[in-house]
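Close look at the chain arrangement
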Number of protein chains: 2
Amino acid sequence: MSTLRSMDPQTGEPFGAPVLAASDADVDRADAAAVAASTTTSLRAPAARAELLDQIAQRIEDLGDALIEIASRETGLPRARIISERARTTGQLRRLGRVVARGIDLDATIDHGDPTSTPPRPDLRRMNVALGPVAVFAASNFPLAFSVAGGDTAAALAVGCPVIVKAHPGHPATSALVATAVTDAVHDAGLPSGTFTVLHSTEHAIGTRLVEAPGVAAVAFTGSLAGGRALFDAAARRAVPIPVFAEMGSTNPVIITPAALAARADAIADGFVDSMTLGGGQFCTKPGVVFVMDNAAGRAFVELVATRIERAEPAVLLHQGILDGFTHRRSQSVEVAGTRTATGSRSRSAGWWAAPTIVSTTIDHYRANPTLREEHFGPAAVIVRVADIDGLVTAGDELDGSLTATIHADIDDDPVLIGRLRTALQARAGRLVWNGWPTGVAVTDAMHHGGPYPATTASATTSVGDAAVRRFVRPVCFQAWPDAAQPAALQEHNPWQIDRRVDGTYRPGK
Amino acid sequence: MSTLRSMDPQTGEPFGAPVLAASDADVDRADAAAVAASTTTSLRAPAARAELLDQIAQRIEDLGDALIEIASRETGLPRARIISERARTTGQLRRLGRVVARGIDLDATIDHGDPTSTPPRPDLRRMNVALGPVAVFAASNFPLAFSVAGGDTAAALAVGCPVIVKAHPGHPATSALVATAVTDAVHDAGLPSGTFTVLHSTEHAIGTRLVEAPGVAAVAFTGSLAGGRALFDAAARRAVPIPVFAEMGSTNPVIITPAALAARADAIADGFVDSMTLGGGQFCTKPGVVFVMDNAAGRAFVELVATRIERAEPAVLLHQGILDGFTHRRSQSVEVAGTRTATGSRSRSAGWWAAPTIVSTTIDHYRANPTLREEHFGPAAVIVRVADIDGLVTAGDELDGSLTATIHADIDDDPVLIGRLRTALQARAGRLVWNGWPTGVAVTDAMHHGGPYPATTASATTSVGDAAVRRFVRPVCFQAWPDAAQPAALQEHNPWQIDRRVDGTYRPGK
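Residues numbered from 1 in each chain as written. Chains lettered and ligands numbered in written order. Predicted model: local features only at pLDDT ≥ 70, side-chain atom pairs only at ≥ 80, totals over all residues. Heavy atoms only, no water.

**Some details on the overall build of chain A**
The following threshold applies: Strands here are runs of E lasting at least two residues and helices are runs of H or I lasting at least four, both read from the DSSP assignment and numbered beginning at the N terminus. It is over C-alpha atoms that the radius of gyration is taken, and the globule rule equals 2.2 Å times the number of residues to the power 0.38. Note on classification: 1.4 Å probe, protein chains only; a residue is buried when its accessible area is under 20% of the maximum for its type, exposed when over 50%, partly exposed between these limits. The contact rule is simple, with two residues in contact once any of their heavy atoms fall within 4.5 Å. Here, Shrake-Rupley sampling with a 1.4 Å probe gives the accessible areas, and only protein chains in the shown set may cover a residue. Neither His nor the chain ends is counted toward charge; the positive residues are Lys and Arg and the negative residues Asp and Glu. Taken as the charge centre is NZ of Lys, CZ of Arg, CG of Asp or CD of Glu, depending on the residue.
The helix and strand tally for chain A stands at 15 helices and 21 strands. For 510 residues, the compact-globule estimate of 2.2 N^0.38 gives 24 Å, and the C-alpha radius of gyration of chain A, at 24 Å, lies within 12% of that figure. Projected onto its principal axes, the C-alpha positions of chain A cover 75 × 65 × 40 Å. The buried share among the 510 residues of chain A stands at 62%. A sequence separation of at least 24 residues applies to 76% of the contacts in chain A between residues at least 6 apart. Summed over all atoms, the accessible surface of chain A reaches about 17,800 Å², with 55% contributed by carbon and sulfur. If you average the places of the 46 positive and of the 53 negative side-chain charges in chain A, the two averages end up 1 Å apart.

This is the structure we're talking about:
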């Protein structure tokens, strides 16, 4: 039987005990078990589903320092980052528990019948039901928050979907440890074991088999464009196609107006370099391209950034594949950019270290060279200089789909310019940041972490925030049912005390 | 240049003036014009979008009897049916106008910032924006309500998406006439002409080209499984994949409990035959398969239905293709069913007439012969006899995805049986009807007209009811924007007076 090893990014050396890799038969067993668990899991009351998420959060906390230690060592991310990521992960579980306890995921909607209308209108009541087993493909860059018990798993379990996680091979020991927390909570809740399974593998074929498994009803993925698109294609080819919620690459453009640069170029340069090097530049929301005017202020800004980059520490990347991809893309971009390049400290000899890099180029080069427009996963970014104000708007109009877009502007800017930029950017991104930085994604009701392709394969959905639960449900309408035979969510006296819309009016549950 | 002719289903003969068929260049022009119109159309205020829908409704009514006449003649559907379908169509336009005037489509959500949280949480505000140009593939069986100005067009225009309709070649003159109403309303509203285009064609290649057109952002389709799947596949193959909301075939199973049959077999037989022959059996919600117990009462029910079918008038079908498909599938089913068949009046010699048909068979035959499980589009249905009560539940568990599922039950039924049936059916259908019939789909807030594949390619969405507008939008989140620079929907003083959720609490707009 094949196994996976933990690798230390700081040294490039394996360590710890091997983890067993999943076989084809393991995928098939997980699928069958998830189907068997599906009805039990989906029929639980909101309070019971919330309680499961609370228990998972508690058990992750109970793993204590052992979890922090292993996650930090497997990813090269500092302990402090892992500790805050754990807080985010458990906070997210508990928050989605509160969301479903209110019945937000059910979207319960009641239209009382109207026998006097022509034709007479029957009593109609709609609620959402769980889609069924969800395959979750974990990300490498958030070993807790977008991994085994991360946002996708939390959202799927929250609405009553069994989960089969394809763990990321970059942190197998962390994944196995978190899996024990979830599995124990599922067991203690009296749910069937098929409610939650983790599969470890380095083989793409295992992932494809999971997407093709007949019981799987939806796929959630966080990772590269190539990986997400491959799963999307596999899901679309199925006899019964299923939705793929893939959150993929993004360049997260930043547009800086002349007024903003005049007012606070230093502060913007500080913020930009901090944001693009945060976590080794391995955030899906890393600001990867900045547009400024090609004038004295714009060129001075490039130098401000270059100075900071040249002082920046090397970053340790998550795994060999990311380092190789980063090195390759950076070389390509440096080669074609044609103008200014700045690089930070040199890589160390062992391990997966990369030097922060900035490339400055003109809009003509940027247009002509696709490599400059692609995501550089790691601590690199491109500064593009455009001829004039209209060039900033045109740059916005030409962007590919992105998770975020940022405007740095000032009180002195023409409101018409701001309006044009907003119109351009809201057509191309999922979140528009004003005078801030896109890294840092709050888990709230109004958050949207998604965007037009290639940022995601499903631009109407989010993988972060309360609305993340909406991905794994579908509506069912009950027509003219006797009250006692209806699902509790739709019964007249609202036994679950959930939020509902009744005859067009919002009715909070409690 | 190639043209299409109107055909009279009652005679099979062409009539009226030819309509010009679209060329590849027409598709490309429509796409470019829709893209050019996109920003103008999408940025309109809710009240202006509602007004456009009202004006379209008014102009359809202004077409008067000429519309009723031509739609009835092109489809073979009676005048009374077309008149009520016109009322449904205009009612739907006006209703979706009221929905967007309330801002339901925007789902505006505001979370005020919290500088005291760790890390500090910025002000976050989310609203939906229009996806962009929508390609609408009209259905043959509702020449008004699911055609040029039908539900899909209404929903797309309601949220600010330009629409390119691929008209159904079964009613070209009706389509051209309705198109004038929409085009005039678009023009009078001061919107660019690319906001709405109708293309006529009998060629699949024109439809495929439309789905592949670079500006098209979503596809809505009502029709056959083969047609919907072909468009879905084309959309998934695109460099930038787009969503396809295809509402396709459905068998709309009906399960009748022994208690219901004991209480009112005659009434159920009446209702069933009325519903399955309504509109020539050409409803996507036609009850196509009925499950009863294989006992004396079940067999007596088959005879009650057979007697009514043998008295039933022949139905005129919409076009030659539907008649051919119906005849072929009915022959196959009669051949394999093995037991009782009943057929109504014989077809007339000219035109596209079909005899209502019922086939009764056992669950074993039903399981063994895929043809029995497929939709028979037209006035035919299958009655399946199962051995015992558990057989009714098992039949429910084995169903393919369907738009609807119906239970006929009675006060004497075991609540446990009802619960098991509900659980089975809600996993497989989009609307569960109690002691009624699935034909007749009310346009309300709680309606859901959708279902698991193969009923649709997007089970989380509906093509009828207020929620139909949700298909053509995606969210954008605004982070830390100054109030004056934000979209009106998200400004603090709520200038559009729309419904919003603020810090987790619903706030009606007016």
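**Describing the pattern of salt bridges**
Short version of the rule: Basic side-chain nitrogens of Lys or Arg form a salt bridge, by our definition, when they fall within 4 Å of a carboxyl oxygen of Asp or Glu.
All told, the structure shown has 57 salt bridges over all chains when counted by the stated rule. For B:Asp233, the salt bridge is made with B:Arg229, and the minimal N-O distance between the two is 3.0 Å. Within this pair, B:Asp233 and its partner B:Arg229 are both found in helix 8 (residues 225-237), separated by four residues, close to a single helical turn. Residue B:Asp233 is classed as partly exposed on the basis of its relative accessible area of 25%. Take B:Arg229: its relative accessible area is 15%, and that puts it in the buried class. Taken together, the shared-partner salt bridges in this structure form one network comprising A:Asp24, A:Asp28 and A:Arg209.

**Thoughts on the sheet that holds strand 7 (residues 196-199) of chain B**
All names here are of chain B. To keep it simple, the criterion reads: Strand pairing is assigned whenever DSSP identifies at least 2 bridges connecting the two strands. Fitted lines through C-alpha atoms serve as axes, helices being fitted only where they are in contact, and the angles separating the N-to-C directions of these axes extend from 0 to 180 degrees.
Pairing is parallel in the open sheet, where five strands are placed in the order 7-6-5-8-9. Each edge of the open sheet is held by one strand with a lone partner, namely strand 7 and strand 9 (244-247). Across the sheet, the axes of successive neighbouring strands diverge by a mean angle of 15°, strand direction being ignored. Bridging between strand 5 (residues 134-137) and strand 6 (residues 163-166) involves four bridges; their strand directions are parallel. Looking at strand 6, one finds that Val136 is bridged to Val165. Along the sheet, helix 7 (residues 204-212) contacts strand 5, strand 6 and strand 8 (218-222); its crossing angle with strand 5, the most-contacted strand, is approximately 155°.

**Description of the sheet that holds strand 17 (residues 402-408) of chain A**
The mixed open sheet is built from 12 strands, whose spatial order is 13(A)-15(A)-16(A)-11(A)-10(A)-17(A)-18(A)-19(B)-4(B)-3(B)-20(B)-21(B). The open sheet is flanked by strand 13 (341-343) of chain A together with strand 21 (505-507) of chain B, the only strands paired with a single partner. Each strand axis lies, on average, 20° off the axis of its neighbour in the sheet, ignoring direction. For strand 10 (residues 253-256) of chain A and strand 11 (residues 289-293) of chain A, the ladder comprises three bridges, and the chain directions are parallel. The residue of strand 11 of chain A that forms the bridge with A:Pro253 is A:Val289. Relative to strand 15 (residues 357-362) of chain A, helix 11 (residues 320-337) of chain A is tilted by about 35°, and along the sheet it contacts strand 13, strand 15 and strand 16 (380-386) of chain A.

**Let's talk about unusual backbone geometry**
Residue A:Pro454 is bonded to the preceding A:Tyr453 through a cis peptide linkage, with omega at 10°. Relative to the assigned elements, A:Pro454 resides in the loop between strand 18 (429-434) and strand 19 (473-479). Within the chain, A:Asn494 stands out as a residue other than glycine whose phi angle is a positive 50°. Inspection of the secondary structure puts A:Asn494 in the loop between strand 19 and strand 20 (500-502). Phi at B:Asn252 is positive, roughly 50°, even though this residue is not glycine. Looking at the element boundaries, B:Asn252 is found in the loop between strand 9 and strand 10 (253-256).

**What about the environment of A:Gln497?**
Residues and elements named next belong to chain A. Within the secondary structure layout, Gln497 lies in the loop between strand 19 and strand 20. Classification of Gln497 as partly exposed rests on a relative accessible area of 42%. Sequence spacing of Gln497 and Pro46 is 451 residues, and the spatial spacing of their C-alpha atoms is 9.9 Å. Ignoring anything within four residues of it in the chain, the contact list for Gln497 reads Gly509 and Lys510.

**Remarks on helix 14 (residues 389-397) of chain B**
All of the buried residues in helix 14 of chain B are B:Gly391, B:Leu392, B:Val393, B:Ala395 and B:Gly396. Residues of helix 14 of chain B that are buried make contact with strand 10, helix 9 (258-277), strand 11 (289-293), helix 12 (363-368), strand 16 (380-386) and helix 15 (415-426) of chain B.

**Quick notes on the packing of aromatic side chains**
Residue and element names in this part refer to chain A. To keep things clear, this is the line we draw: Note on ring pairs: Phe, Tyr and Trp rings are taken, using the six-membered ring of Trp, and paired if centres are within 6.5 Å. Classes follow the plane angle, with under 30 degrees stacked, over 60 edge-to-face and the rest tilted. Should the NZ of a Lys or the CZ of an Arg lie within 6 Å of a ring centre and within 35 degrees of the ring normal, that charge is described as sitting over the ring.
Within this structure, the stated rule accounts for 17 aromatic pairs over all chains. Ring-pair connections join several aromatic residues into one group, and the members of that group are Phe142, Phe146 and Phe283. Arg81 extends its terminal NZ or CZ atom over the ring of Phe142, reaching a point 4.6 Å from the ring centre.

**Comments concerning the environment of B:Gly288**
All names here are of chain B. You can see Gly288 is positioned in the loop between helix 9 and strand 11. Measuring from C-alpha to C-alpha, the distance between Gly288 and His168 comes to 24 Å, with 120 residues separating the pair along the chain. In contact with Gly288, other than residues within four places in its own chain, are Thr251, Asn252, Ala381 and Val382.

**Brief notes about the interface of chain B and chain A**
In plain terms, the rule: Put simply, buried area is how much 1.4 Å-probe accessible surface two parts lose in total, over both of them, once they are put together.
Contacts between the two partners involve 66 residues from chain B, matched on the other side by 66 residues from chain A. Between chain B and chain A, roughly 5,500 Å² of surface is buried when both sides are summed, and carbon and sulfur atoms account for 57% of that area. The largest per-residue losses of area from chain B upon contact with chain A belong to B:Trp434, B:Arg474 and B:Tyr506, which jointly make up 12% of the total buried on that side. Here chain B and chain A share four salt bridges between them.

**What to know about the relation of the copies chain B and chain A**
Note: a rotation about an axis with an accompanying shift along it relates these two copies of the chain. Operational definition: Copies overlap after least-squares fitting; the atoms used are the C-alpha atoms of residues with pLDDT of at least 70 in both.
With an RMSD of 0.0 Å, the operation that places chain B on chain A is a rotation of 180° combined with a shift of 0.0 Å along the axis. On the angle and the small slide along the axis, the relation comes out as a two-fold axis. The fraction of interface residues of chain B whose copies in chain A are also interface residues reaches 100%, indicating that both copies meet through the same surface.

**Observations regarding the confidence of the model for chain A**
Here is the rule we go by: Known as pLDDT, the predictor's per-residue confidence is scaled from 0 to 100.
When pLDDT is averaged along chain A, the result is 95; 99% of the residues meet or exceed 70. Interface scoring of the predicted complex returns ipTM 0.97; its pTM is 0.97.

**Examining the pairing of strand 2 (residues 13-20) of chain A**
All names here are of chain A. Pairing geometry for strand 1 (residues 3-8) and strand 2, over five bridges, is antiparallel. When the sheet's bridge partners are listed, Thr3 is paired in strand 2 with Leu20. What sits between strand 1 and strand 2 in their antiparallel hairpin is a turn of four residues, with Gly12 showing a positive phi close to 75°.

**Side note on the environment of A:Asp266**
Here A:Asp266 lies in helix 9 (residues 258-277). Those residues within four positions of A:Asp266 in sequence are excluded, and the remaining contacts are A:Leu304 and A:Arg308.

**Re the side chain of A:Arg422**
Structurally, A:Arg422 can be placed in helix 15 (residues 415-426). Although A:Arg422 is buried, it makes no salt bridge; B:Asp483 carries the closest opposite charge, 10 Å away. When near neighbours in sequence (up to four residues on either side) are disregarded, A:Arg422 contacts A:Ile407, A:Leu432, B:Phe478, B:Trp481, B:Ala485, B:Gln486 and B:Pro487.

**Things to note about the packing of helix 2 (residues 46-62) of chain B against helix 6 (residues 172-188) of chain B**
Residues and elements named next belong to chain B. How we decide: Orientation is classified from the angle alone, with under 35 degrees giving roughly parallel, over 145 giving roughly antiparallel, 65 to 115 giving roughly perpendicular, and any other angle giving oblique. Here a crossing is taken to be left-handed if its near helix is turned anticlockwise relative to the far helix by less than a right angle, and right-handed if that turn runs clockwise. Here the term charged refers only to Asp, Glu, Lys and Arg, the term nonpolar to Ala, Val, Leu, Ile, Met, Phe, Trp, Tyr, Cys and Pro, and the term polar to all other amino acids, Gly among them.
Where helix 2 meets helix 6, the closest approach of the two axes is 9 Å, and the angle between their N-to-C directions is 140°. Here helix 2 lies oblique to helix 6, going by the angle between them. For the element pair helix 2 and helix 6, the recorded crossing hand is right-handed. Of the residues in helix 6, those in contact with Leu52, Gln55, Ile56, Arg59 and Ile60 of helix 2 are Val178, Ala181, Val182, Asp184, Ala185, Val186 and Asp188. Of the residues belonging to the contact of helix 2 with helix 6, the class tally is eight nonpolar, one polar and three charged.

**Some details on the packing of helix 2 of chain B against helix 4 (residues 79-101) of chain B**
All names here are of chain B. Contact geometry for helix 2 and helix 4: axes closest at 7 Å, N-to-C directions at 170°. Our classification of the angle between helix 2 and helix 4 gives roughly antiparallel. Contact residues: Pro46, Arg49, Ala50, Leu53, Asp54, Ile56, Ala57, Gln58, Ile60 and Glu61 in helix 2; Arg86, Thr90, Leu93, Arg94, Leu96, Gly97, Val100 and Ala101 in helix 4. Here the contact of helix 2 with helix 4 is built from residues that sort into 10 nonpolar, three polar and five charged.

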